[in-house]
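What follows is the residue order along each chain.
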Amino acid sequence: MTYVPVIGLEVHLQLATRSKIFCGCATTFGAAANSQVCPVCLGFPGVLPVLNRKVLALGIRTALALGCRIEPTIVFHRKNYFYPDLPKDFQISQYDLPLGRSGSVEVGERRIRVHRVHLEEDAGKLIHKEGEDASLVDFNRSGMPLLEIVSEPDLASPEEAQAYLKTLKAILQYLEVSDCDMEKGSLRCDTNVSLRRPSEELGTKVEVKNLNSFKSVGRALTHEIERQGKLLEAGEKVAQETRLFDDARGITLGMRSKEYAHDYRYFPEPDLVPFSLTEKEIEVIREELPELPAAKAKRFAASFGLTPADARGVTASRAAADYFEACVKAVAGAGLRPEPGTFKAIANWILGEIARVMNERNLEEITALQFSPGHLLELVQLVDSGKISHKMAKEVFAEVVKSGESPARHVQARNLAQVTDAGRIRESAQAVIQENPGAVEDFKKGKPRALMFLVGQLMRRTQGSASPALAQETLRELLKENKR
Ligand SMILES: [Zn+2]
């Protein structure tokens, strides 16, 4: 392709507070329409907004975690526009002085810059019912606290945009500033995308709205890059506009010509005076930041001998990282020596079989699985000690993850443990040799397949419970003795 995509993402995050940003109304999801409203969030004339202290704290917490510089003065602006879900005709937002600026997010090996982070209120929600000639409006969402996180146009592909969004979501979950539930709309995403020739600075950018899942971000960007590429190839111009992603059809549709900042007639919100936080107040919030995914991945690699890729995988969600650490504790609790091999096996299970089952069942978090860290350690130990093969361990896992039973008990109750008792295997091997003189003769003549046949016979005799490696070793030894 002769064009290079240039992508930026705007993420709207609903902050997890019990009340709205400028009034005391509740923020409970799924409440009856218009049951969580008051004159302030309905935008009655003459009402006075009051900033929710918790909203500010969560906003600063996020800005600091993303490495942003906090603005010395915090100012809210009125963003003026008309829409039926916005009765007061303006949204309280932030304009030239956002909460934080110039942060970044590490995505794999790349650093994606964060342009700005600012606070604003959400609007109400229009409900269009099929077959009805009118729309309904629910103002419960009006005044919900939002944090907007705007990236620089540093993303170069739909895959990278998705990876950035996933990393950002993980950081936000570590911070516990939002439930980040995309289905409930707690995490929403718009994107800016343009194409440029390698020699050009920038192309004309198009904004795509209404991206409600990682998948739709990928699909919308792929479609939009293709659409713009075709226009440019045909010598046409890309119009600067806002487009809407139609999830069902997988295409973007023109919505309106792009508005510019001056269209909104921003001016300082006169009912919320500018204010500042002291260095000390900011430091208090900074000190409370948890260990974030990138730092945790580095620590896991250094302390437990995980590869950088495995360490990143295990720390990609806070729940998985906590799970891994609980397994580490279980190793110490069981009085085992902390071997890198054990940690590697634990990580492999989390990123392999466990992730596969979670995916299959559409589970977001590892905690939703009926499989405790102690159970995982049992399974790893069963394999380590040679009691069961790795293949069998997968089968045991498939069973106990349904029943919640302990793997060790499951193996014991069903007599699944491999016979590693050398004496018992030797007895069976001797019997197999006596019963199969033909194969023994073949082996003596140097036919290697004869040995595999005898191993097969031994496995049959022990109903598959013998350790195959030990069975082969024992048979080989006995046959050699037999030769002499
Ligand atoms: Zn209210």
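## Re unusual backbone geometry
In this structure, N34 is a non-glycine residue whose phi angle is positive, near 55°. Judged by its relative accessible area of 33%, N34 is partly exposed. The phi dihedral of C180 is positive, around 55°, even though this residue is not glycine. Structurally, C180 can be placed in the loop between α3 (158–175) and β10 (187–196). Residue C180 is classed as buried on the basis of its relative accessible area, which comes to 1%.

## A closer look at the sheet that holds β10
The strand order β2-β5-β6-β9-β1-β10-β11-β12-β13 describes an open sheet built from nine strands, whose pairing is mixed. Taken across any chain shown, the strands that pair with only one partner, and hence form the sheet edges, are β2 (69–70) and β13 (251–257). Pairing geometry for strand β1 (residues 4–14) and strand β9 (residues 145–151), over five bridges, is antiparallel. Across the sheet, residue H12 finds its bridge partner in β9, namely E148. Running over the sheet, helix α4 (residues 214–233) touches β1, β10, β11 (206–211), β12 (241–246) and β13 and is turned about 25° from β10.

## Some remarks on the sheet that holds strand β4 (residues 90–93)
Taken together, the three strands give an open sheet; going across it, the order is β4-β3-β14, and neighbouring strands pair in antiparallel fashion. With partners counted over all chains shown, the strands left at the sheet margins are β4 and β14 (267–268), one partner each. Taken together, the two bridges between strand β3 (residues 77–80) and β14 define a ladder with antiparallel strand orientation. Bridge pairing links H77 to P268 in β14.

## Observations regarding the coordination of the zinc ion
For the zinc ion, every protein donor is listed as C23 (SG), C25 (SG), C38 (SG) and C41 (SG), and the spread of their distances is 2.3 to 2.4 Å. Coordination at the zinc ion comes from four donor atoms whose angles at the metal span 100 to 115°, giving a geometry best classed as tetrahedral. The motif formed by the donor residues of the zinc ion, counted along the single chain, is C-x1-C-x12-C-x2-C. Remark: C41 occurs in helix α1 (residues 39–42) and C23 occurs in the loop between β1 and α1; sequence separation between them is 18 residues. For C23, a relative accessible area of 14% gives the class buried.

## Focus: the side chain of T342
Take T342: it is sitting in helix α9 (residues 340–360). Classification of T342 as buried rests on a relative accessible area of 10%. Apart from the residues lying within four places of it in its own chain, the contact partners of T342 are V331, L377, V380 and D384.

## Things to note about the pairing of β13
Two elements, β12 and β13, share six bridges in a ladder whose sense is antiparallel. Looking at β13, one finds that L244 is bridged to L253. Where β12 folds back on β13, the antiparallel hairpin that results is connected by four residues, among which G250 adopts a positive phi of roughly 70°.

## Considerations on the nonpolar core
With 106 residues, the main nonpolar core has I149, Y164, F324, I346, I354, F371 and L376 as its most contacted residues. Looking at this core element by element, the count peaks at nine residues for α9. Here F324 is in contact with F300, F304, L306, V314, F343, I346, A347 and I350, once residues within four sequence places are set aside.

## Observations concerning helix α10 (residues 373–384)
What sets the pattern is the α-helix's 3.6 residues per turn: residues three or four places apart point alike. Taking 1.5 Å as the rise per residue, α10 with 12 residues should run 16 Å; its terminal C-alpha atoms sit 16 Å apart, in good agreement. When we look at burial in α10, the residues that qualify are P373, H375, L376, L377, L379, V380 and L382. Those residues of α10 that are buried are in contact with α8 (318–333), α9, α11 (390–403) and α12 (407–413). Phi turns positive one or two residues past the end of α10, at G386, with a value near 80°.

## Let's talk about the packing of aromatic side chains
By the definition in use, this model includes 10 aromatic pairs. Ring geometry for Y95 and Y266: centres 3.9 Å apart, planes at 10°, overall stacked. Remark: Y266 occurs in the loop between β13 and β14 and Y95 occurs in the loop between β4 and β5 (100–107); sequence separation between them is 171 residues. Owing to a relative accessible area of 32%, Y95 belongs among the partly exposed residues under this scheme. Members of the aromatic cluster, connected to one another through ring pairs, are Y81, Y95, Y264 and Y266. Note that K166 overlies the ring of F214, its terminal NZ or CZ placed 5.4 Å from the centroid.

## Some details on the packing of α9 against α10
Packing of α9 against α10 brings their axes to within 10 Å, and their N-to-C directions diverge by 115°. As α9 packs across α10, the resulting crossing turns out to be right-handed. Residues T342, A345, I346, W349, I350 and I354 of α9 form the contact with α10, whose participating residues are L376, L377, L379, V380 and D384. Class assignment for the residues of the contact of α9 with α10 results in nine nonpolar, one polar and one charged.

## A short note on the environment of Q162
Note that Q162 resides in helix α3. Here Q162 is in contact with F214, K215, V217 and G218, once residues within four sequence places are set aside.

## Digging into the side chain of Q36
Note on placement: Q36 falls in the loop between β1 and α1. Classification of Q36 by relative accessible area gives buried; the value is 9%. Those residues in contact with Q36 that sit more than four places away from it in its chain are K20, C25, A26, T27, T28, A31, C41, F139 and N140.

Basis of the calculations
- Along each chain, residue indices are assigned from 1 in the same order as the chain's sequence is written.
- Per-residue local features of the predicted model are confined to residues with pLDDT of at least 70, and side-chain atom pairs are confined, for both listing and counting, to 80 or more; whole-chain, interface and lining totals are unaffected and use all residues.
- Values shown for side chains rest on all heavy atoms present in the structure; no hydrogens or waters enter the calculation.
- Residue burial is assigned from relative accessible area. The probe radius is 1.4 Å, only protein chains are included, and a residue is buried under 20% of its type maximum, exposed over 50%, and partly exposed in between.
- Secondary structure elements follow DSSP: runs of H or I no shorter than four residues count as helices, runs of E no shorter than two count as strands, and numbering proceeds from the N terminus.
- A pair of strands is labelled paired if DSSP reports no fewer than 2 bridges between them.
- We call two residues in contact whenever any of their non-hydrogen atoms come within 4.5 Å of each other.
- Think of each axis as a best-fit line through the C-alpha atoms, taken over the contacting stretch in the case of a helix, with angles from 0 to 180 degrees between the N-to-C directions.
- Water is not among the atoms examined, so metal sites may look incomplete; donors are the N, O and S atoms within 2.8 Å of the metal, or within 3.2 Å for Na, K and Ca.
- For a four-donor site, all angles between 85 and 135 degrees give tetrahedral; for four or six donors, opposite pairs above 155 degrees with the remaining angles between 65 and 115 give square planar or octahedral; all remaining cases count as irregular.
- Think of a nonpolar core as a cluster: buried Ala, Val, Leu, Ile, Met, Phe, Trp, Tyr and Cys residues, connected wherever their side-chain atoms sit within 4.5 Å.
- Expected helix span is computed as 1.5 Å times (number of residues minus one).
- Centres within 6.5 Å are what make two rings of Phe, Tyr or Trp a pair, Trp counting through its six-membered ring; a difference in plane orientation under 30 degrees is then read as stacked, over 60 as edge-to-face, and the rest as tilted.
- Over a ring means this: the NZ of a Lys or the CZ of an Arg is within 6 Å of the ring centre and within 35 degrees of the ring normal.
- Should the near helix be turned anticlockwise from the far one by less than a right angle, the crossing is termed left-handed; should it be turned clockwise, right-handed.
- Residue classes follow a fixed rule: Ala, Val, Leu, Ile, Met, Phe, Trp, Tyr, Cys and Pro count as nonpolar, while Asp, Glu, Lys and Arg count as charged, and any other residue, Gly among them, counts as polar.

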